[in-house]
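Close look at the chain arrangement
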Amino acid sequence: MTDYKFEGWLGLDASSAEGKMQWGEFEPKPWEETDIDIKISHCGICGSDLHTLRSGWGPTLYPCCVGHEIVGKVVRIGSEVKHLALGDRVGVGAQSDSCCGRMGKPCEACDAGQENYCPNKHVGTYNGVYLNGGKSYGGYATYNRVPARFAVKIPDGVSSAEAAPMLCGGVTTYAPLKHHGAGPGKTVGIVGLGGLGHFGVMWAKALGADKVVVISRTNAKKEDALKMGADEFIATAEDPKWGKTHANTIDLIVCTVSQTDMPVQDYFNLLKFDGVFVQVGLPDDGFPTFQQKPLIFKRIKVTGSLIGSPDDIREMFDLALAKGVKPWISTIPMKNANQAIIDFEKGAPRYRFVLENEPETKASL
C-alpha cells in the first residue's frame, strides 16, 4: 500500500479533447519489483494526447489519462531496479514497456536497445495494456507507475520543465536525424515549425549540419526559425516558385506535420539524388498518395521513424547539454490542463506547453 493517490485528468469519451477532461482517481498497473512510482512535477503536452483523447488513431481505452512527457522524482522503487534510486529525477517518454524477451521468444529489437521497434509488445505510456494486464495511465496526473527500464535519469543542467518536452517531441526528431546522418556536409530540411519541428531545427544544428532549411506554409514563423538556428526558410503558400527554386538541394527531410493534404510530391522534388524523406507526423486519415517517379529516377527513400528508445533519450540529453539546446516552452499549472489542450489545438504554443504540478495538486473541477 502507498500513502499517496494516483489522480489525474481523465478523458471519458471523445469529447474530452474539447477541454472536457475530468479530474479523478485511477488504478495504476499492478506493482512489480521492476517498477518505480514517480511523483510528477511536469508533463509536456503533445499532439498525440489530442489524437488519443478524440480516438483519432483508433478506439481509445476510456477512461484515459494522457501525457507521455513525464518528469518527476522516484518515490517508490522495486527490489530488482538497480540503475535508479529513491529521489532520482527521472523522465518517461511515449513508451513504457516492450516485450524485453518475456513472451517466450527472443526479440532482436529489445536486445539491441531499440525497444521502440519491438514487434511483440509495445506499450504506450498511456492507453496501453501491460503484460500483467494492467492499464497504462499518463502524466496529466499526480503520480505515475512505470517499468524502470523506461525511466531515464535526467542529468543536472537540464531543468525539469525543459526536459519534459524532450521526452517525446525532442527524441521523435532527434532519433531520425541521428540515424540518417544529419551532420557535417549535409543540408537538412524540416517540414513544419511546431513543437516537433522546432526541436528538429535545433537538433540538426547541434549535430553539425551545414545548412538547415525550414519548410512552412507562410512566413509567420520565419523570425523564430532563424533564431533557432535555421539558415533558410521556405514559405510554400507565399512563393509560387518554391518547388523549382529549391529543387535538388536537400539531403534529408524530416516531416513533422500531420496533414493528409500536404504537398509531399513537391517535398520529394527538393531532395537530392539518394535523398531521404522521413515522416514522423501521423495524420488521423493516413499519409497522402504520391507518384513513384522521384523514388525511381532519384533513388530517394521514403521512410518513417517512431519516437526513440531509452538509449536515444539519454544520447539526446547528452547532446542538449553539450550544445546548449533548450526548447521554447510555456509552463501552465496542471489545474488548467483543460484550457491548455484547447489552446494547444488552436496552435497557440510557441513551441511547447508544459503542465506543472503545484506542490500538492488540487484540480479546479
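Definitions and limits used
- Residues numbered from 1 in each chain as written.
- Predicted model: local features only at pLDDT ≥ 70, side-chain atom pairs only at ≥ 80, totals over all residues.
- Heavy atoms only, no water.
- Phe/Tyr/Trp six-rings, centres within 6.5 Å; stacked < 30°, edge-to-face > 60°.
- Helix = DSSP H or I, 4+ residues; strand = E, 2+ residues; numbered from the N terminus.
- Buried < 20%, exposed > 50% of the residue type's maximum accessible area, 1.4 Å probe, protein only.
- Lys NZ or Arg CZ within 6 Å of the ring centre and 35° of its normal.
- pLDDT = per-residue confidence, 0-100.
- Contact = heavy atoms within 4.5 Å.
- Salt bridge = Lys/Arg side-chain N within 4 Å of Asp/Glu carboxyl O.
- Axes fitted to C-alpha atoms, helices over the stretch in contact; angles between N-to-C directions.
- Parallel < 35°, antiparallel > 145°, perpendicular 65-115°, else oblique.
- Nonpolar A, V, L, I, M, F, W, Y, C, P; charged D, E, K, R; others polar.
- Core = buried A, V, L, I, M, F, W, Y, C linked by side-chain atoms within 4.5 Å.
- Expected span 1.5 Å × (residues − 1).
- UniProt positions renumbered as here; feature names shortened; annotations may be inferred.
- Pairing = 2+ DSSP bridges.
- Right-handed = clockwise from strand over helix to strand, strands pointing away.

The subject of this paragraph is the packing of aromatic side chains. For the structure shown, the criterion picks out 15 aromatic pairs. Ring geometry for Y4 and Y143: centres 4.2 Å apart, planes at 20°, overall stacked. Placement of the pair is Y4 in the segment before β1 (7-10) and Y143 in strand β8 (residues 143-147), with a sequence separation of 139 residues. Taken individually, Y4 and Y143 each receive the classification buried, so the pair is uniform in this respect. If you follow K29 out to its NZ or CZ, it ends over the ring of Y130, 5.1 Å from the centre. When the ring centre of W31 is taken as origin, the NZ or CZ atom of R76, which lies over that ring, is 3.7 Å away.

Here the focus is the confidence of the model for the protein chain. Of the residues in the protein chain, 98% have a pLDDT of 70 or more, and the chain-wide mean is 96. Note on residues 361-365: pLDDT under 50 across the span, and 10 contacts to partners over four residues away in sequence or across chains.

Time to look at the pattern of salt bridges. For the coordinates displayed, the defined rule picks out 19 salt bridges. Two residues, E32 and K29, come together in a salt bridge whose shortest N-O distance is 2.7 Å. One salt bridge in this structure joins R102 and D97, with 2.8 Å as the shortest N-O distance. On the accessibility criterion, R102 (42% relative accessible area) is partly exposed. By sharing partners, the salt bridges in this structure join K29, E32 and D35 into a single network.

Glancing now at the packing of helix α3 (residues 160-179) against helix α9 (residues 310-323). Where α3 meets α9, the closest approach of the two axes is 9 Å, and the angle between their N-to-C directions is 95°. Between α3 and α9, the interaxial angle falls into the category roughly perpendicular. Only D312, I313, E315, M316, F317, L319 and A320 of α9 make contact with α3, whose side of the interface consists of A163, M166, L167, G170, V171, Y174, A175 and K178. Along the lines of polarity and charge, the residues of the contact of α3 with α9 split into 11 nonpolar, 1 polar and 3 charged.

Counting residues in each nonpolar core, the largest one holds 44 residues, and the members touching the most others are L177, V201, W203, M316 and F317. In this structure, W203 is in contact with M166, G170, T173, Y174, L177, M316, L319, A320 and V325, ignoring residues within four places of it in sequence. Core analysis: the next-biggest nonpolar cluster, separate from the first, contains 41 residues, C65, L84, F150 and F353 among them.

The first and last C-alpha atoms of α9 sit 20 Å apart over 14 residues, in line with the 20 Å expected at 1.5 Å per residue. Considered for burial, the residues of α9 that qualify are P310, I313, M316, F317, L319 and A320. Elements that come into contact with the buried residues of α9 comprise β9 (151-153), α3 and α4 (195-206). Once α9 finishes, G324 follows within two positions and takes phi at roughly 70°, a positive value.

Taken from the UniProt record, the annotation "domain: Alcohol dehydrogenase-like C-terminal" (unreviewed entry) applies to residues 195-320. Across residues 195-320 one finds 37% helix and 23% strand; the C-alpha atoms that close the span lie 16 Å apart.

Moving on, we come to the pairing of strand β14 (residues 271-279). Look at any regular strand and the pattern is simple: side chains alternate between the two faces of the sheet. When strand β13 (residues 250-255) meets β14, the two strands line up parallel, connected through 5 bridges. Bridging across to β14, V254 finds its partner in V278. For the crossover from β13 across helix α7 (residues 264-270) to β14, the handedness is right-handed. Inspection of the sheet shows β14 paired to strand β15 (residues 301-304) by 4 bridges, in the parallel sense. Within the sheet, the bridge partner assigned to V276 lies in β15 and is K301.

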